[in-house]
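Chain and residue survey
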Amino acid sequence: MPEFIARRGDDTWLCRCDNTPDRDGFVPVIGRREATTTSIRWRGRYCCLRCGRLVAWPTRQIVGQLDFADLTLRPPRRVKGQTIMEYEQDRLTLRTPVRVRVGDGHIWRFGQIATIDGERYVVDLGRDGTVTTTRDNIRRL
Ligand SMILES: [Zn+2]
């Protein structure tokens, strides 16, 4: 019997492991390699970057599972053997352009990473100064 991942109200994919495109994300794959969705060989499969489930687009049917050790991501993204956390931190370096959640959490502002101090990230909003926040509230552009 076919199994499917869920969809949140706003049409965002929600994997069985609770991953969404905003969290660890999904990458298009051909076999065990990250692909681009414009490749003629791509057959609509995405790999969940949290649990490795393979999901068919657009039906959301679960069609398999990859072991991350076998998954090859395109540089400069995650490399074999690296954990998701390491990958996430690698993606944000000083001056990385980002969106940051401010105020009550419904407003996103554009800025650049100014300082990374452990769990604490300072984002430079330009004329509006800086905001200090955590990784959860930052999305890379
Ligand atoms: Zn998943």
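Preceding block: the structure.
Okay, so let's go over this structure. Not measured: the values here are computed from a predicted model. (Residues numbered from 1 in each chain as written. Predicted model: local features only at pLDDT ≥ 70, side-chain atom pairs only at ≥ 80, totals over all residues.)

Here we look at the overall build of the protein chain
When its secondary structure is counted, the protein chain shows one helix and 12 strands. Overall, the protein chain shows an N-to-C arrangement of helices and strands of β-β-β-β-β-β-β-α-β-β-β-β-β. Within the protein chain, the fraction of its 141 residues that count as buried is 14%. Considering only contacts in the protein chain between residues 6 or more positions apart, those separated by 24 or more positions represent 35%. (Helix = DSSP H or I, 4+ residues; strand = E, 2+ residues; numbered from the N terminus. Buried ≥ 20, exposed ≤ 12 C-beta atoms within 10 Å, placed from the backbone. Contact = placed C-beta atoms within 7 Å.)

What about the nonpolar core?
For soluble globular proteins, nonpolar side chains are generally found buried alongside one another. Ranked by size, the top nonpolar core spans 10 residues in total: I5, C15, F26, V27, V29, Y46, C47, C48, L49 and V55. For this core, the secondary structure elements donating two or more residues are β3 (26-30) and β5 (45-48). Counting residues in hydrophobic clusters, the runner-up holds five residues, among them V98, Y121, V123 and I138. (Core = buried A, V, L, I, M, F, W, Y, C linked by C-beta atoms within 7 Å.)

Section: the sheet that holds strand β11 (residues 130-133)
The strand order β11-β10-β9-β8-β12 describes an open sheet built from five strands, whose pairing is antiparallel. The sheet is open, and its two edges are formed by β11 and β12 (138-140), each paired on a single side. If you compare each strand with its neighbour and ignore which way they point, the axes differ by 40° on average. One ladder, built from five bridges, connects strand β9 (residues 107-117) with strand β10 (residues 120-124); its direction is antiparallel. Note that in β10 the partner of D117 across the bridge is R120. (Pairing = 2+ DSSP bridges. Axes fitted to C-alpha atoms, helices over the stretch in contact; angles between N-to-C directions.)

Some thoughts on the pairing of β5
Examined bridge by bridge, β3 and β5 share three bridges and lie antiparallel to one another. Following the sheet pairing, V27 is matched in β5 by C47. Strand direction decides the pairing type here: β5 and strand β6 (residues 53-56), joined by three bridges, are antiparallel. Opposite C47, over in β6, you have L54 as the bridge partner. Remark: four residues form the turn of the hairpin made by β5 and β6, two consecutive strands paired antiparallel; G52 in that turn has positive phi of roughly 85°.

Let's talk about the environment of R33
By the element assignment, R33 lies in strand β4 (residues 33-34). Classification of R33 as partly exposed rests on a count of 14 C-beta atoms within 10 Å.

Quick word on the environment of A69
Structurally, A69 can be placed in the loop between β7 (61-65) and α1 (84-91). For A69, a count of 9 C-beta atoms within 10 Å translates into the label exposed. Sequence-wise, A69 and R32 are 37 residues apart; in three dimensions their C-alpha atoms are separated by 9.8 Å.

Thoughts on the sheet that holds β3
Read across the open sheet, the five strands follow the order β4-β3-β5-β6-β7; overall the sheet is antiparallel. This sheet does not close on itself; its edge strands, each paired only once, are β4 and β7.

Things to note about unusual backbone geometry
Going from W57 to P58, the amide bond is cis rather than trans, its omega being 5°. Turning to its location among the elements, P58 is positioned in the loop between β6 and β7. Phi is positive for D18, which is not a glycine, with a value near 85°. Position of D18 relative to the elements: it lies in the loop between β2 (13-14) and β3.

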